[in-house]
Each structure stands twice: as structure tokens, then as C-alpha cells.
Amino acid sequence: MTVTAPPREAAAPSPPPARPSAGRRAWNLWVRWWRRLTAMRTAIILLFLLALAAIPGSLLPQRSLSQTNVARYFADHPTLAPVLDRLYLFDVFSSPWFAAVYLLLFISLVGCVLPRAAEHFRALRTPPPPAPRNLLRLPDSAGLQTRLDDAAALDVVEEELRVRRFRVVRRQTAAGPELSAEKGYLKEAGNLVFHLSLVALLLALAGGKLWGYEGSVLVVEGGGFCNSFQNYDTYSAGPLVEGNDLSPLCVDLEDFQAEYEENLTASSFTADIRYGGPGEEGTPQTIGVNDPLRTEGDRVYLTGHGYAPRFTVTTPDGQPPLDVSAPFLPTNPSTMASEGAVKLPDLGADQPQLALQGFFAPTGVVQGGILTSIDPRPLEPQVALIAYQGYLGLDTGRPQSVYAIDQEQIARGALNEVGSANLALGETLTLPDGTAITFTGYDEFAALQLSHDPGQVWVLGAAIAVLVGLLGMLLLRRERVFARPTAAPGGGGTVLTVGSLTRGGGEGGERFAGLADELRAALSARAPARPTPPAGGVSPDPEVPTP
Amino acid sequence: MTVDTTLAELSDALFSVSVGLYSLAVVAFCAQLAFGRRPAAARELVGAGAAAEPPAAPEGPAAEPPAVRRYGIAAMVLTVLGALTHAGVLLFRGLATDRLPWGNMYEFATAVVLVAVVSFAVLAVRRPVLRHLGVFVMAPVVLAMVAIGLFLYAEAGPLVAALRSSWLAVHVTTAILGFGIFFVSGIASVMYLLRLRHDARVAEGTAERGSLLDRLPAPAAIDRLAHRTAVFGFPIWTFAVIAGAIWAESAWGRFWGWDPKETWAFIAWVVYAAYLHARTTAGWRGKGAAWVNVVGLGVMVFNLLYVNMVSTGLHSYAGVE
Ligand code: HEM
């Protein structure tokens, strides 16, 4: 790399030049900084900074992972949290300083690797360099005795090296003939592919973030949803996604099944769905954990499940009974104990608003009046209900969770507890004003998530290229071998000096010893057969064309 | 699916046997080091200090007296026997539960240690001089096994639904391989740093020749071992991370989400990339690079222990009390 290239302009021993122009100075400064940024040691520092920068993202709760945990952290550390928040420590991976580190790293990478690519491209088209003057100074070298003459000895070496896929060049110099050979160009290519694929990977990731979106929704068996932002319980979208860009896809949930091992470990979750354009009949498909629906551009995942208990509410004013149901969120995935709320603001003109705070146990046992769940399967479904009447506060403009009653309304006295009971299937809780709530059954719901990430296949492609480049870079060896014959001191033969230079792979010595042995063998195999070939019989090409 | 308790108990028994064999191997490795001939060390000192003719084969086992060699061979045999029973632990776990035996932290950590032992054994069979590192590899192995048995043990049981996927199998298998290899690499770098410090002390006269550290292979050989294992481990780790992302895409709906485990896998990857760079950068080569490698090992261990047991990401394995 051009890491430690000396600042040539400054070193020139010319007479003190006139003060360089401002533009010139700015340029020099820029060149100096650019060199510093693209130096290898900067890369090491930046890699370290990247590793350090990622650490708070794993130690502090992150908004991208769990809003709830961040909210809890704010509640637990009311003075510290806002300060951390100012430093983006709850959004580390989308923070400007994290971006600064990786952008600098990638600029450094491009600035480092592109010149190297150009150099590599030039090297591909130029023959291996001339042999150094003293081959014995190379890390590995040997002298081989042979009875062959110069040219024939070099022929043998050339042949042996070509079999080993070296590019070979022979030159005629003032000091006599010599041979240079090189192999392992793919190592350099691997380096380039690896580093440039990292850039491609980053770009693909960024593209996916800009044009991707994700929405999730709870769907009760028999229900469905269509792909539009209004229909999702939560969604997030990249800045370049427009509301009407979403692909026209509707999904209906026909059936959900959960299966368990004997020890109640969940063994499989599957959902039978139909999917298609709006208004279409739809194609049936079963999706499950590890097995999403993949359509062109979109994927639909089954990310969770739970129970939605059903109730019938009969008011004392003689209105027809009302069937209601609401999804309860599992609070314990191994017993599927779930919590949720039913809110009924419009029961009738002169009825107070009604709210049920509930606990659902698919297999319930009551001990000391407390309902708990002991099995995730719906063997003995029961609910514990607390009923409130009064004013729910739904139209105050304050957002409320669908799964809980606003405690503020209770504290303020707007909602009052009017009854509670543990109900098995078919049992009824009757409130003091005569309102009757019957637990009539349950549905299962599935949490479905629709994701759209146009960058994803590109990320995969780039990742594969990263791996291929890495293997090429780490496993291949770049190796140069030089040979130069000199007349043997006693006459009647040649001493062939062979030297080699290796980059990467280590253990050059052993491999060179092996090569030297094989050359020796090849030379002696050839020598007795043809003591001295007629002069001029083999004219050594100054440069053997390379394939 | 039921768990075959006989096989599960056999697996647990083999765990104790392998800890015992490893402990004996440590004793034998110790004996090999302790009874190494002093004159050899003295000669080396002269050779190094006076830059006389370079020792012909500084790595060759030729200089060792037969008794010491026998201790070395006994240690290797014990190590290999230990590794075989250790493999049996996982084999019978797998047969008992009818699945790949790395479904929880106990099994994962056990497999990582096995990979470390096998990597070391392969290297030490091929280069006898590396046997002198045996104590320093096998003693941490014994400690790790005891800690795993005490703190991570989990009963044999089936896998939760999310873990039943072939990409997960690929991901976890390669993660174990990468981790085990990095483990050997990290220990080699630790030994390299200790040896360098010791040599420096000897040079300035604050320490004497003749300590156990002098019987280690030459610093350059240890450093080369560290680098070569890291070069071997890095693509495997890269592949493990990619396989994990492919699996996460089908299981969690996104291929990368900065879950704590993912974050630390990334941090480790970046640190090892920094190590490989440092090895080829003037000014970092040697000591600086070795420190980066040690940091890498720290990150891997942190990722295994802290992130699995303390943080609450999607990865946290169940079954650790
Ligand atoms: C995301 C950041 C990067 C990663 C993960 C990365 C990773 C790697 C790896 C694994 C190697 C192999 C080292 C070996 O052959 O043992 C390598 C080599 C190399 N990297 Fe990077 N690199 C990154 C950024 C950079 C940057 C910013 C530069 C330039 C300043 C750079 C320049 C090089 C060079 C020149 C080599 C070849 C070293 C040699 O063989 O002499 N890399 N890189």
C-alpha cells in the first residue's frame, strides 16, 4: 500500500520556492489528510472505533429493538436518560456519530483499495519484475548444481514453474540469462473483491432502509388484513416509501395451530393463510416459524400468537346481547397466561361505558382465589375479569393502549370498579346494575408481520462476494521465484541460484525447500540424457509470451 | 419426542471422564515442561544473544531427552483420549435428544471447548514443538469445562420451535468452529506476549532464564501459530455470521437487527479484521497485533457469557439457571 509514501514534493532539494499559492497549499493539505485517512493504521483505528461505537448499542436499550425497554429506562433513570438520549445512545445504530465512523472507514477503504486495484490491473499486464541482483538475500534461496548448460537449466526451471501455474519470463541481461516467475494474482483480486463487496453490502443495506417498510398486525382466526399503513398496529417505513407504493396484498388467517412437546416446549406454530390481491379468491399457504410466505418483494411472517377471549354482554335495558372479543397479549410464553382489555364505550343511550380488564389462562387453576395458567394449550380456559363502569376517556385525545385500561381514569375516579370474578366457559359475571357478562369462548390470533426490503437480495449477493473474496485473499499465496545460472567453479556445469519471495500464507521456507528438491530432481533427471545440447539449439526468448 | 435418559446419563458421565483425562494431560504437559533440560535453554540464550550460527532446527524435537519426550507423548495421548470422550458427551446428548447437540449454552460451550482441544491437538501432532504450549491451552480448557459443568449445565431436552431450522444448525456449527479456533489463537497470543515480556526482562536483567516460559517455542513461532489460526477462523466466523443472518431473516423477519448477540458477533468480527490488518501493518506487527487478538478473545468470551446470561435479546438461550 502507499501507506508510508514519503512526501516527495517536500523532500525535493530545490532552492526554497516562492511561497506556494493558497490553492496549492490547500491542495497539499488535502493530499496530506487524504494519505493519512487512507493509511492502514487509520483503518485499524477506525475498525477499533467501529467496534467501540457498537458497544453502547448492546448495553443500553435501543428504540429499534424495544420502545418499552427504553421507556422503562427513562422511568428508572429520570435524570440520566435524557442526557443519554441527547447523545443518541438509545438509537446508536442510526446515530450521526456511528454513521460518521463507518462512513470514514468506508471512505478510507475506497481510497485505499481503488488505487491498489489500478496497480493490480497494471501488474496483471506487465511481466514479473527482473530478478534482484543478489538472489541469496531473498527470504528463501538455494543453489542447485547441474550438468546442464545455462539455457537448458533455465528451461527445466521454466517448465517446472509453468506446471505450477507460474507466469514465467526470461530475460537476457548483461550478467547473463535470468528467469522471473510469479503466481497468486488471484490473491490480490480476492482482496479487492472482499473490500469492494463490503462497500456494496453497505449500499445494499442503505437501499433497503430507504425503500423498505415493515408492518405488524394481530389477526384473529377468520380475519385478515390488507397491506396499507392504516391497517397495521405498528409500522415503520423508510424515508423514500410513499403510502401508495405498498404492494397490493391481502392476507386472511384461516386457522392457527400450536403444537407442544410433552414438557410443553413449543414444537411448531403454523398458520393456514390465503393471500392475493384485494378482492381475489387468494392462494392457500401454510406459514410457520422459520417458514414465511415469500411473494415477489414481500414476506409475511408469523411472529407470535395468542388468545382472544369472547364475551356476550347483556345490558339491563333490553337491547339484544352484544358479542365482543379482544386479543389478549401473552405475558408468559410458556403457559400463555395473557392479559388484555375489552372497552365498550357505546352500550346504549343511558348505559355507562363499560371496561373489562382481563387475565386469560388457557388451562386455568384457581388457588386462593387467584387464577393462574399451567399449560399453554386451551384445555381448561378461564378468565379473571375486573369490570369498570364510568367514563373511559377514549375521546380525550390522550393515546391509550388497546390492551389495558387507562389507570389515570381510575385514579381520577372517572372509572369505578363494579365487580370481578373468575369465569370458566359459559359462566357469567353480573354487575350491580344488572349488566351480565358471559365468557362464551375464545379465538386464537396470530401476530403477522409484513416486510418489504428491496435491498435484501443485494445484501445476500454482496455477503457471498465478501466471503469468496475473503477465501481468495486468505488462502491463496502470492509468490515470486527468480533463477539465475552461473558457471560452476570447477567448470563443466552450472550452479543455478534460485530465490523466492512469498506474501501471505506464512511457512514459505518449507514450501520453498519442497520446490528446490523437485527442481533438483528435475534437473538431474534431465542432465544424464542430454549432456550438452548443441549451442543455439534452444534460443532463449528474451521474453516468453505469457498466457 | 422423548429424551432417552440412559443416553443422557451416559453423556453426563463422559463429561466427568473427559475432565479427568484433560486434567491428567495438564499434569503430563507440566511434567514435560518442568523436566525439560536446562542446558537446552542455556544454549538457546547464547545463540540468541551472540547471533552466532543460527540454531539449525530451533523447532525440532531433536534436542529433547527421551524422558521428556515420553511425557509429551503421554500428554498428547491423554489429550486425544479426553477429546474422544468429550466428543462422546456431545454424541450421546445428540442421540438422547434426537437433534444436533448444541441447542443450549451448556452444549454450545462444551462443543466450543472440544473444537479448541481438537485444533490444538491437530497442530501439536503436526508440530511437536507446539506441545510445549500444552499446559497453557489445556489448563484453561479444564477450567472452562469445570465452569461449564458447574454453571451452565442443562438437562437434555427438546428444542423450542424457533431453533428447529437447518440454517440454524449451519450457523451454530460454524460459530462453534470459529470460536474454538479463535480460542486457540487467543491463547497463543497471550503466550506470545508473556514470552516477549519475559525475554525483555531477561535482557534487562530483572529476570532469569530457566522459567517455564523459556521452554515455550520461540516467540515468532507462537505468533505465527496465532496468526494462522486466526486466518483460518476468520472466514469461518464470517460465514457463521452470514448464516445467522440468513436464518434470522426467515425466523425473525429481518436479517439483521442489532440484537445484543448480533452486535457482539459484529464487534468480534471487526476486532479480528483489525487483528489481520495489524499483522500486515508496520508498527502494529508483533505486540500490538497480539493485543488486538487478545481483545478479540475477550469479546468472544463476553459474547458467550455476558450476552447469553445477562442481557435479554432474542438469542438468550433458555435452560440456564
Ligand atoms: C470494514 C472494514 C474492513 C474490513 C472488515 C477489512 C478486512 C480485511 C481482512 C480480513 C484482510 C485480510 C488480511 C490478511 O491478508 O491477513 C484485509 C486486508 C487488507 N485490507 Fe482491509 N478491511 C477493512 C477496511 C480496510 C481499509 C479501510 C483499508 C485501507 C486503509 C484496508 C486495506 C487492506 C489492505 C491493504 C489489505 C491487504 C493487506 C496485505 O495483505 O498486506 N482494509 N482487510
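Residues numbered from 1 in each chain as written. Chains lettered and ligands numbered in written order. Predicted model: local features only at pLDDT ≥ 70, side-chain atom pairs only at ≥ 80, totals over all residues. Heavy atoms only, no water.

Asker: Hey, could you run me through the overall build of chain A in this one?
Answerer: Scanning chain A for helices and strands turns up 11 helices and 23 strands. Taking 547 residues into account, the globule formula puts the C-alpha radius of gyration at 24 Å, and chain A, at 38 Å, lies well above it. Taken along the three principal axes of its C-alpha coordinates, chain A extends 125 × 70 × 50 Å. Here chain A holds 547 residues, and 44% of them are scored as buried. In chain A, the share of contacts with a sequence separation of at least 24, taken over all contacts with a separation of at least 6, comes to 64%. Looking at chain A as shown, the accessible area adds up to about 28000 Å², and 59% of this sits on carbon and sulfur atoms. Side-chain charges of chain A comprise 43 positive and 55 negative groups, with the mean position of each set lying 25 Å from the other. (Helix = DSSP H or I, 4+ residues; strand = E, 2+ residues; numbered from the N terminus. Rg over C-alpha atoms; globule rule 2.2 N^0.38 Å. Buried < 20%, exposed > 50% of the residue type's maximum accessible area, 1.4 Å probe, protein only. Contact = heavy atoms within 4.5 Å. Areas by Shrake-Rupley, 256 points an atom, 1.4 Å probe, with all protein chains shown as cover. Lys, Arg positive; Asp, Glu negative; His and termini not counted. Charge placed at Lys NZ, Arg CZ, Asp CG, Glu CD.)

Asker: Would you explain the coordination of the iron atom of the ligand in this entry?
Answerer: By definition of the ideal shapes, a tetrahedral metal site with four donors has angles of 109.5 degrees and an octahedral site with six donors has angles of 90 or 180 degrees. Taken together, the protein donors to the iron atom of the ligand comprise His195(A) (NE2) and His277(B) (NE2), at separations of 1.9 Å. Coordination at the iron atom of the ligand is octahedral: its six donor atoms span angles of 76 to 177° at the metal. With one member in each of two chains, His195(A) in helix α8 (residues 185-211) and His277(B) in helix α8 (residues 260-279) form a pair that bridges those chains. (Donors = N, O, S within 2.8 Å, 3.2 Å for Na, K, Ca; no water. Tetrahedral: all angles 85-135°; square planar, octahedral: opposite > 155°, others 65-115°.)

Asker: Hey, could you run me through the site of the ligand in this one?
Answerer: Taken together, the neighbourhood of the ligand is formed by 25 residues, with Cys112(A), Arg116(A), Asn191(A), His195(A) and His277(B) sitting nearest. In this structure, the ligand sits where chains A and B come together, each supplying nearby residues. In the environment of the ligand, a nitrogen atom lies 2.8 Å from a nitrogen or oxygen atom belonging to the side chain of His195(A). In the model, a nitrogen atom of the ligand is placed 2.4 Å from a nitrogen or oxygen of the His277(B) side chain. The set of elements that each furnish at least two residues to the shell around the ligand consists of α3 (40-59), α6 (96-125), α8 and α10 (456-475) of chain A together with α8 of chain B. Considering each element in turn, the shell around the ligand owes the most residues, five residues, to α6(A). (Near = heavy atom within 4 Å. Polar contact = N/O pair within 3.5 Å; in protein donor to acceptor, adjacent residues only side chain to side chain.)

Asker: Even after reading the chapter, I still don't get the packing of aromatic side chains, so can you show me in this structure?
Answerer: One pair of aromatic rings is described through two measures. These are the centre distance and the angle between the planes. All names here are of chain A. Under the defined criterion, the tally for this structure stands at 26 aromatic pairs over all chains. Residues Tyr307 and Phe360 carry aromatic rings whose centres are separated by 5.2 Å and whose planes lie at 35° to one another, so their mutual orientation is tilted. In this pair, Tyr307 is assigned in strand β11 (residues 298-314) and Phe360 in strand β15 (residues 353-361), connecting sequence segments 53 residues apart. Given a relative accessible area of 0%, Phe360 falls into the buried group. (Phe/Tyr/Trp six-rings, centres within 6.5 Å; stacked < 30°, edge-to-face > 60°.)

Asker: Teacher, can you tell me more about the state of the cysteines here?
Answerer: Linking two cysteines covalently via their sulfur atoms produces the bond known as a disulfide. All names here are of chain A. Under the defined criterion, the tally for this structure stands at one disulfide over all chains. Each disulfide pairs two cysteine sulfurs, and for Cys226 the partner residue is Cys250, the sulfurs being separated by 1.9 Å. What sets the handedness of the Cys226 and Cys250 disulfide is the S-S torsion sign, and at about 105° it is right-handed. Here Cys250 lies in strand β7 (residues 250-260) and Cys226 lies in strand β5 (residues 224-226), a separation of 24 residues in the sequence. Using a relative accessible area of 30% as the deciding quantity, one classes Cys226 as partly exposed. (Disulfide = S-S within 2.5 Å.)

Asker: What am I meant to see in the sheet that holds β15(A) here?
Answerer: In a beta sheet, neighbouring strands are held together by backbone hydrogen bonds and run either parallel or antiparallel to one another. All names here are of chain A. If you trace the five strands from one edge of the open sheet to the other, you get β13-β14-β15-β18-β19, paired in antiparallel fashion. Looking at strand neighbours, the two that pair on one side only are β13 (329-332) and β19 (415-424), the edges of this open sheet. Across the sheet, the axes of successive neighbouring strands diverge by a mean angle of 20°, strand direction being ignored. Where strand β14 (residues 337-344) and β15 come together, seven bridges link them in antiparallel fashion. Following the sheet pairing, Glu339 is matched in β15 by Phe359. (Pairing = 2+ DSSP bridges. Axes fitted to C-alpha atoms, helices over the stretch in contact; angles between N-to-C directions.)

Asker: How should I be thinking about a nonpolar patch on the surface in this particular structure?
Answerer: Residue and element names in this part refer to chain A. Together, Trp27, Trp30, Trp34, Leu103, Leu104 and Ile107 line one region of the surface with nonpolar side chains, adding up to about 600 Å² of accessible area. Along the chain, Trp30 turns up in helix α2 (residues 22-37). Under the relative-accessibility criterion, Trp30 is labelled partly exposed at 47%. (Patch = residues over 30% accessible without salt bridge, like charges linked within 9 Å, V, L, I, M, F, W, Y side chains within 5 Å. Salt bridge = Lys/Arg side-chain N within 4 Å of Asp/Glu carboxyl O.)

Asker: Just checking my understanding: could you explain unusual backbone geometry for this structure?
Answerer: Negative phi characterises most residues that are not glycine, and trans characterises most peptide bonds. Of note, the phi angle at Asn290(A) is positive, near 70°, even though the residue is not glycine. Secondary-structure assignment places Asn290(A) in the loop between β9 (283-288) and β10 (293-294). One non-glycine residue, Asp98(B), lies in the positive phi region at around 60°. Along the chain, Asp98(B) falls in the loop between α3 (66-97) and α4 (105-126).

Asker: It is not clear to me how the sheet that holds β9(A) should be interpreted in this structure. Could you clarify?
Answerer: Residue and element names in this part refer to chain A. If you walk across this open sheet you meet the four strands as β5-β7-β8-β9, and the pairing is antiparallel. Edge positions in the sheet fall to β5 and β9, since each of these pairs with one other strand and no more. Each strand axis lies, on average, 30° off the axis of its neighbour in the sheet, ignoring direction. Of the strand pairs in this sheet, strand β8 (residues 266-276) and β9 are connected by six bridges, and their pairing is antiparallel. Following the sheet pairing, Asp272 is matched in β9 by Thr286.

Asker: It is not clear to me how the interface of chain A and chain B should be interpreted in this structure. Could you clarify?
Answerer: Many authors give the size of an interface as the accessible area that is lost as the parts come together. Across the boundary between the two partners, chain A contributes 50 residues, which contact 50 residues of chain B. Summed over both sides, the interface of chain A with chain B buries roughly 4100 Å², with 69% coming from carbon and sulfur. Counting across the interface, chain A meets chain B through two salt bridges. Measuring nitrogen to oxygen at the nearest pair gives 2.9 Å for the salt bridge that ties Glu249(B) to Arg299(A). Connecting chain A to chain B are seven residue pairs in polar contact (both at pLDDT 80 or more). Elements supplying a minimum of two residues to the side of chain A that touches chain B: α3, α8, β8, β11, β21 (436-452) and α10 of chain A. Counting residues per element, the side of chain A that touches chain B draws most heavily on α3(A), at 13 residues. Taken together, the residues of the side of chain A that touches chain B break down into 30 nonpolar, 10 polar and 10 charged. (Buried area = accessible area lost by both parts, 1.4 Å probe. Nonpolar A, V, L, I, M, F, W, Y, C, P; charged D, E, K, R; others polar.)

Asker: Help me understand the side chain of Asp375(A) in this model?
Answerer: All names here are of chain A. Here Asp375 lies in the loop between β17 (370-373) and β18 (382-390). Relative accessible area serves as the criterion here: at 7%, Asp375 is assigned to the buried category. A polar contact of 2.8 Å, which involves the side chain of Asp375, links it to the backbone nitrogen of Arg377. If sequence neighbours within four positions are ignored, Asp375 has contacts with Leu264, Thr335, Pro362 and Thr363.

Asker: Just to check I follow, could you spell out the environment of Leu423(A) for this structure?
Answerer: Residue and element names in this part refer to chain A. Looking at the secondary structure, you find Leu423 in strand β19. Leu423 sits 166 residues away from Gln257 along the chain, and the two C-alpha atoms are 25 Å apart. Not counting residues within four places of it along the chain, the set of residues in contact with Leu423 comprises Pro381, Gln382, Val383, Leu385, Thr428, Leu429, Ile437 and Phe439.

Asker: Help me understand the domain arrangement of chain A in this model?
Answerer: Parsing chain A into structural domains produces domain 1 (28-119), domain 2 (127-183 + 477-526) and domain 3 (213-239 + 246-452). Relative placement of domain 1 of chain A and domain 2 of chain A: their C-alpha centres are 50 Å apart. (Domains from an automatic or database assignment.)

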